Amino acid sequence: MAQALNFKQELTACFGFPVAENPTQAMIEPAYRAMGLDWRYLTLEVRPENLAAAVHGARAFGFNGFNCTIPHKIAVIEHLDGLGESAQLMGAVNCVVQRDGKLIGENTDGKGFVSSLRKLTDPTGKRCVIFGAGGAARAISVEMALAGCAEIIIVNRSANRGLPLVDLLNRRVAASCSTSFSANFVSWTADYDIPTGTDIVINATSIGLYPGTDARLALNLATLLPAMIVADVIPNPPATNLIKDARAKGCPVIDGLGMLVAQGVIGIEYWTGQTPDAAVMRGALERIFDQ
Ligand code: NDP
């Protein structure tokens with residue numbers, strides 16, 4: 001008997017502005033194909049004034065979910081039906097999931113970071129230094145605290161972003177932690193000395209992002225020791241100066257593709273209920289970034 005034909009594809013997307021250089025589609029669609037799913041991931045340019053209409057459109061077209069990137073991560077919240085725990089704590093959504101007809105906002109950036117870190121170490125009881133206090137630093141620090149790390153030092157240029165983040169971590173996030181946790185702020189005005197005993201050093205600033213690839217973190221490299229794990233959020237290029245310096249010192253490293261792939265894996269799991277092949281996704285990105 002002839003099989004029923006189906007030309008209707010399941011839809012997911014990324015909403016951003018600008019969005020043309022966002023490589024997420026290039027890793028998600030090969031993952032769908034490798035999973036045998038006839039799903040699409042569309043890169044959609046959504047201007048801020050059109051965000052409400054775009055979310056209505058996602059509902060009307062029956063999207064299974066969508067990612068939000070700059071400048072929609074906070075603004076999208078008022079158009080959704082609910083938030084997951086960490087999105088609520090962070091006040092930012094990067095992944096919307098359709099559950100029983102409702103659009104629920106999640107944040108997979110920090111979860112993706114922790115997932116990529118777990119390949120090297122267990123975050124429990126670890127002491128971390130995080131450079132930056134923007135959206136990426138916020139997502140990473142909240143999930144690292146929830147994952148059981150003992151101490152986070154937020155090193156940031158501006159106090160007006162650093163202090164509220166430390167306050168959020170010490171007041172709201174610490175209350176959800178099962179182990180002892182504390183956060184401190186350091187104003188970043190000169191080359192930073194990494195404290196002895198630090199386990200994990202994370203660049204969550206935009207320093208090193210293309211086209212500013214020559215930029216270096218203001219950091220006393222003599223204080224970076226081989227036992228420290230070094231992570232960078234910059235996906236383009238993955239081999240930032242920090243990653244190169246850390247490799248030269250013998251430190252284990254996690255580049256920005258590690259976090260990008262891991263948060264994409266979590267997004268696909270939320271949307272499809274199935275786990276994609278992370279190696280397919282990383283391979284697709286490595287071909288783009290010529291690694
Ligand atoms: P934000 O604009 O929210 O924050 C930027 C941060 O970088 C701030 O802390 C800012 O400090 C700091 N910063 C920028 N330039 C300098 C500088 N010259 N010197 C010192 N500090 C500086 O950006 P996001 O947090 O959203 O994104 C940060 C980076 O993370 C981006 O490059 C993005 O591509 C990357 N990212 C990667 C992901 C991945 O999956 N790999 C996921 C999400 C983001 P100040 O507060 O003083 O301005």
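Rules of the game
- Residues numbered from 1 in each chain as written.
- Predicted model: local features only at pLDDT ≥ 70, side-chain atom pairs only at ≥ 80, totals over all residues.
- Heavy atoms only, no water.
- Near = heavy atom within 4 Å.
- Polar contact = N/O pair within 3.5 Å; in protein donor to acceptor, adjacent residues only side chain to side chain.
- Areas by Shrake-Rupley, 256 points an atom, 1.4 Å probe, with all protein chains shown as cover.
- Helix = DSSP H or I, 4+ residues; strand = E, 2+ residues; numbered from the N terminus.
- Nonpolar A, V, L, I, M, F, W, Y, C, P; charged D, E, K, R; others polar.
- Buried < 20%, exposed > 50% of the residue type's maximum accessible area, 1.4 Å probe, protein only.
- Pairing = 2+ DSSP bridges.
- Phe/Tyr/Trp six-rings, centres within 6.5 Å; stacked < 30°, edge-to-face > 60°.
- Lys NZ or Arg CZ within 6 Å of the ring centre and 35° of its normal.
- Contact = heavy atoms within 4.5 Å.
- Axes fitted to C-alpha atoms, helices over the stretch in contact; angles between N-to-C directions.
- Salt bridge = Lys/Arg side-chain N within 4 Å of Asp/Glu carboxyl O.
- Domains from an automatic or database assignment.
- Buried area = accessible area lost by both parts, 1.4 Å probe.

Peer 1: Which residues make up the site of the ligand, and what values do they have?
Peer 2: Lining the immediate surroundings of the ligand are 22 residues, of which Ala-133, Ala-136, Asn-156, Ser-158 and Val-233 lie closest. At 2.7 Å, a backbone N or O of Ala-136 approaches an oxygen atom of the ligand. Within the backbone of Leu-260, one N or O atom sits 3.3 Å away from an oxygen atom of the ligand. Protein burial of the ligand: of its 920 Å² of free accessible surface, 77% is covered by the chains. Of all the secondary-structure elements, those providing two or more residues to the shell around the ligand are helix H5 (135-146) and helix H8 (256-272). Take the shell around the ligand: its biggest share by element is three residues, from H8. Residues of the shell around the ligand, tallied by class, amount to eleven nonpolar, eight polar and three charged.

Peer 1: An account of the pairing of strand E10 (residues 200-203) is needed here, citing residue identities and associated values.
Peer 2: The alternating pattern of E10 places Ile-200 and Ile-202 on one face and Val-201 and Asn-203 on the opposite face, and all of these are buried. Where strand E7 (residues 127-131) and E10 come together, four bridges link them in parallel fashion. Pairing of Ile-130 across the sheet is with Ile-202, part of E10. Two strands pair when backbone bridges link them, and E10 and strand E11 (residues 229-232) are joined in this way by four bridges, in the parallel orientation. From the neighbouring strand, Ile-200 faces E11, where its bridge partner is Ile-229.

Peer 1: Requested: an account of the packing of aromatic side chains, with residues and values cited.
Peer 2: Under the counting rule described, the total for this entry stands at seven aromatic pairs. Considering the side-chain rings of Tyr-32 and Trp-39, the 5.5 Å spacing of their centres and the 55 degrees angle between planes classify their relative orientation as tilted. Grouping residues by exposure puts Tyr-32 and Trp-39 together as buried. One aromatic cluster is present, formed by Phe-15, Phe-61, Phe-63 and Phe-66 through successive ring pairs. One cation-aromatic arrangement involves Arg-99 over Tyr-270; the distance from NZ or CZ to the ring centre is 5.3 Å.

Peer 1: Describe the side chain of Asp-255, listing the residues and the values that go with them.
Peer 2: By secondary structure assignment, the location of Asp-255 is in the loop between strand E12 (253-254) and H8. Among the polar contacts made by the side chain of Asp-255, one reaches the main-chain amide nitrogen of Leu-257 at a distance of 3.0 Å. The contacts of Asp-255, once residues within four sequence positions are left out, are Asp-232, Pro-238, Ile-243 and Arg-282.

Peer 1: Please set out the sheet that holds strand E9 (residues 182-187) residue by residue, giving values where relevant.
Peer 2: With parallel pairing, the six strands of this open sheet are ordered in space as E9-E8-E7-E10-E11-E12. Strands with a single pairing partner mark the edges of an open sheet, and in this sheet they are E9 and E12. Helix H6 (residues 159-176) rests against strand E8 (151-156) and E9 of the sheet, and its axis sits at about 170 degrees to E9. Seen against the sheet, helix H7 (residues 241-249) touches E10, E11 and E12 and runs at an angle of roughly 165 degrees to E11.

Peer 1: I'd like to hear about the environment of Leu-219, residue by residue, with values.
Peer 2: Position of Leu-219 relative to the elements: it lies in the loop between E10 and E11. The class for Leu-219 is buried, based on a relative accessible area of 9%. Residues Leu-219 and Pro-237 lie 18 residues apart in sequence; the distance between their C-alpha atoms is 20 Å. Contacts of Leu-219, omitting those with residues within four sequence positions, involve Phe-131, Asp-191, Tyr-192, Ile-194 and Leu-242.

Peer 1: Describe in detail the pattern of salt bridges, supporting the description with residues and values.
Peer 2: Under the criterion given, the structure shown has twelve salt bridges. Here Asp-109 ties to Lys-73 by a salt bridge, and the two come within 3.0 Å at their closest N and O atoms. With Asp-109 in helix H4 (residues 109-117) and Lys-73 in the loop between strand E3 (65-68) and strand E4 (82-83), this residue pair connects regions lying 36 residues apart in the sequence. By relative accessible area, Asp-109 is classed as buried at 12%. Note that Arg-127 is salt-bridged to Glu-151, the shortest N-O span being 3.5 Å. In this pair, Arg-127 sits in strand E7 while Glu-151 sits in strand E8, placing the two residues 24 residues apart along the sequence.

Peer 1: I'd like a description of the domain arrangement of the chain, backed by residues and values.
Peer 2: According to the domain assignment, the chain contains domain 1 (10-107 + 259-289) and domain 2 (110-254). Each of domain 1 and domain 2 has a C-alpha centre, and the two are 25 Å apart. Counting from both sides, the interface comprises 13 residues of domain 1 and, opposite them, 20 residues of domain 2. Summing both sides of the interface, domain 1 and domain 2 together bury roughly 1400 Å²; the carbon and sulfur share of this comes to 69%. If you sort the residues of domain 1 by the area they bury against domain 2, Leu-89, Met-90 and Met-259 come out on top, with a joint share of 48%. Where domain 1 meets domain 2, there are zero salt bridges.

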